Amino acid sequence: MGINIAEALDSGYLNIAHRGARSVAPENTIAAARKALAAGADMWELDVRLNLDGCLVVVHDETLVRTSDVAVRFPGRSPWQVNDFRLDELKSLDFGSWFSSSDPFKQIAGGYLNPSEVEDYRGEPIPTLEEALIFTAEHDWLVNVEIKDLSGLPGDDDVAEKVAGLIGSLGLWERVIISSFNFRYLIIVKKADPRIMTGPLVKSPPTDPVALMSDIGASTYHPATRALRLSHVKRLAESGFPVLTWVVNSPRTARFLLRHGIAGVFTDFPQKLEAAIEADRRQAF
Ligand code: G3P
Ligand code: CA
């Protein structure tokens, strides 16, 4: 077994691929994970929801419209909520063609992808969380699993226990950080399996971030860049809580944050950040 999360945090500034390398592949797919791995990312991040069968599936939005062909394939099933579809239905959808057609980060137009790989994305399936975790382990890699906030949706009561149970049953607690905007989920995860590291997603700075971390038993602090306060970073680091911030696509900003004690960044462009931070990383650690 290779490096685990704790060792990775100790040994360097982390380049974390946000939803995989989503600037050059369809987000939250194994194709995006492969691209991130090839780019040298230390870890990837993915989003988890529950479908109609109660399966944990990797997808960001509450509905399937933006990232699949669901509206064409199932025209009568509006508003196409993830939790209204069985796994066999989800697996029959194409989660790649939207990327090839819309080029959301203009990386195809910019010539950063060759035409054959763009074509290969067509038909890319949705991964289950289990498939994504197995891919991570098979490649001796690390992953941040974000449990989307299912408040008001089916599965809100048991999604956190299910995610913790799956990670435990696969023996992968050392390779995973679970994050969420819903801090209740993080408390449930720690209760279900104290070995799993957790991190709160923070949109606005709390008065006392160290107290927040202690109260919910979390290990890493995950603020949006707009909620990041350098004064907090020092206090958190002194208390043993590394800071991982999102989303940083500018290499210049990534270098600035590295020099100011941030432990890692989530980025849509792991392939660009890797080269940019390499030299500074060697000096800092
Ligand atoms: O991990 C931080 C980030 O992924 C949270 O925002 O909307 O991209 O899932 P979102
Ligand atoms: Ca996310």
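Residues numbered from 1 in each chain as written. Chains lettered and ligands numbered in written order. Predicted model: local features only at pLDDT ≥ 70, side-chain atom pairs only at ≥ 80, totals over all residues. Heavy atoms only, no water.

Colleague: Explain the site of ligand 1 to me, please; I cannot follow it from the model alone.
Modeller: Within the structure, ligand 1 sits among H18, R19, E45, D47, H60, E146, K148, L201 and W246. Burial of ligand 1 by the surrounding chains reaches 91%, relative to a free accessible area of 290 Å². A class-by-class count of the residues in the shell around ligand 1 yields two nonpolar, two polar and five charged. (Near = heavy atom within 4 Å. Areas by Shrake-Rupley, 256 points an atom, 1.4 Å probe, with all protein chains shown as cover. Nonpolar A, V, L, I, M, F, W, Y, C, P; charged D, E, K, R; others polar.)

Colleague: Just to check I follow, could you spell out the coordination of the calcium ion (ligand 2) for this structure?
Modeller: The expected angle between donors at a tetrahedral four-coordinate metal is 109.5 degrees. At an octahedral six-coordinate metal it is 90 or 180 degrees. Surrounding the calcium ion (ligand 2) are the protein donor atoms E45 (OE), D47 (OD) and E146 (OE), which sit 2.1 to 2.2 Å from the metal. Each donor residue of the calcium ion (ligand 2) lies on the same chain, and together they follow the pattern E-x1-D-x98-E. Of the two residues, E45 is situated in strand β2 (residues 43–50) and E146 in strand β4 (residues 143–147); the sequence distance between them amounts to 101 residues. (Donors = N, O, S within 2.8 Å, 3.2 Å for Na, K, Ca; no water. Helix = DSSP H or I, 4+ residues; strand = E, 2+ residues; numbered from the N terminus.)

Colleague: How do you make sense of the environment of A8 when you look at a structure like this?
Modeller: Inspection of the secondary structure assignment puts A8 in helix α1 (residues 5–11). Spatially, the C-alpha atom of A8 lies 21 Å from that of D47, the residues being 39 residues apart in sequence. Look past the residues within four positions of A8 in its chain and what remains in contact with it is I3, L14 and L142. (Contact = heavy atoms within 4.5 Å.)

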